[in-house]
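Structural overview for review
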Amino acid sequence: TNVQDVVAWDGIEIRVGADQTARADLLYLDYRTLRLEGTPAVLDLRGFTWESSGMEFDVYDVLLSTEQGTLRASDDTDLAGWTVRYESMEPFPQEDDTILALRGAVCSNGVEQIRADWMLFWVDRDEWRRSAESWLDVPIDTTGIRLDLSRSNQEPVVDQQEARPVATPNLFGALDAGSISHILREVYLEGDIQVFRKGEHASRFESIYVDLVDGHGWVENAELTLKLKSRGKTERVSLKSELLRHSADGS
């Protein structure tokens, strides 16, 4: 029998390998799309947990879109403690990469919190595909040929992360992207961007751009709140600028 699609409901649990699971109330699967719905549906990928009332995974292009959701990093990853909440997430495929657009996003690690109307992430498509193959433990076929990109079947290669100069781009200490810059290339935030530190308002921006590979970037219409000591007394000082440059060392 040629099965074209599958629909399942109630207590769905999917397991792939030892540490990839999905839980949902409703599942729809066809030759290209996997859709999960739940209260919430939960997708555990190595090092990350995604929760949303609706998720749609494009198996062919390895793209994930969700409705309102939350993304959490596991405690055993370099991004431990970080949580991202957003109103919606949608991928936009480009020629060599994919832009993930998060609307109404709030990123927090328990100390710093960043809020923005829009957060755009440029994802390296080839690296994302390799990561997806690692998550799923199976080759992803996009051309009719079974691809096998596992390192066990390749000639020894130099780790790209070690080959290039070490850089851990950060935005005033709030963003350390060295561990993910091989997948995420660029970040752009826009629309009433606010940064809070330990619950106190620290900064406000109109837009932010950071190249996660080499660390350069800029911020527009910045208002920074700084604490300075003067004559033994701590004062809060507001610094405003139309344009600030961001360097690879975080300055």
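Residues numbered from 1 in each chain as written. Predicted model: local features only at pLDDT ≥ 70, side-chain atom pairs only at ≥ 80, totals over all residues. Heavy atoms only, no water.

**Observations concerning the environment of T49**
Mapped onto the elements, T49 comes out in strand 4 (residues 48–58). C-alpha separation for the pair T49 and T21, spaced 28 residues apart in sequence, amounts to 9.5 Å. A distance of 2.7 Å separates the side chain of T49 from the side chain of D44, its partner in a polar contact. (Helix = DSSP H or I, 4+ residues; strand = E, 2+ residues; numbered from the N terminus. Polar contact = N/O pair within 3.5 Å; in protein donor to acceptor, adjacent residues only side chain to side chain.)

**Regarding the environment of R115**
Relative to the helices and strands, R115 resides in strand 10 (residues 112–124). Judged by relative accessible area, which is 37%, R115 ranks as partly exposed. For the pair R115 and Y86, spaced 29 residues apart in sequence, the C-alpha separation works out to 9.7 Å. If sequence neighbours within four positions are ignored, R115 has contacts with A105, V106, D192, I193, Q194 and F196. (Buried < 20%, exposed > 50% of the residue type's maximum accessible area, 1.4 Å probe, protein only. Contact = heavy atoms within 4.5 Å.)

**With respect to a nonpolar patch on the surface**
On the surface, V7, W9, L26 and Y28 cluster together to form a nonpolar patch covering roughly 390 Å² of accessible area. Contributions of two or more residues to the nonpolar patch are made by strand 1 (5–16) and strand 2 (20–30). With respect to the helices and strands, the residue W9 is situated in strand 1. (Patch = residues over 30% accessible without salt bridge, like charges linked within 9 Å, V, L, I, M, F, W, Y side chains within 5 Å. Areas by Shrake-Rupley, 256 points an atom, 1.4 Å probe, with all protein chains shown as cover. Salt bridge = Lys/Arg side-chain N within 4 Å of Asp/Glu carboxyl O.)

**Description of unusual backbone geometry**
With an omega of 0°, the peptide bond running from T39 to P40 counts as cis. Within the fold, P40 resides in strand 3 (residues 33–45). Not every positive phi belongs to a glycine, and N221 is a case in point at roughly 45°.

**Here we look at the side chain of S207**
With respect to the helices and strands, S207 occurs in strand 12 (residues 200–211). The class for S207 is buried, based on a relative accessible area of 2%. Side chain to side chain, S207 and E220 meet in a polar contact 2.8 Å long. Leaving out residues up to four positions away in the same chain, S207 has contacts with Y188, L189, E190, I193, W218, V219 and E220.

**Digging into the pattern of salt bridges**
Throughout the structure, instances matching the rule amount to 12 salt bridges. Among the ionic pairs, D44 bridges to R23, the shortest N-O distance being 3.3 Å. Taken together, the residues span a long stretch of sequence, with D44 in strand 3 and R23 in strand 2 at a distance of 21 residues. According to the relative accessible area criterion, R23 is partly exposed, its value standing at 36%. A salt bridge links E112 to R197, with the shortest nitrogen-to-oxygen separation between them at 3.5 Å. One end of the pair, E112, is in strand 10; the other, R197, is in strand 11 (residues 184–197), and 85 residues separate them in sequence. One salt-bridge network, held together by shared partners, links R35, E37, E56 and E67.

**Observations concerning the environment of V84**
Secondary-structure assignment places V84 in strand 7 (residues 83–86). The buried category is assigned to V84, whose relative accessible area is 16%. For the pair formed by V84 and L102, sequence separation is 18 residues and the distance between their alpha carbons is 9.6 Å.

**Let's talk about the side chain of D30**
One can find D30 in strand 2. Within the structure, the side chain of D30 is placed 3.3 Å from the side chain of Y28, a separation counted as a polar contact. At a separation of 2.6 Å, a polar atom in the side chain of D30 contacts the main-chain amide nitrogen of T33. Other than its neighbours up to four places away in sequence, D30 contacts Q4 and D5.

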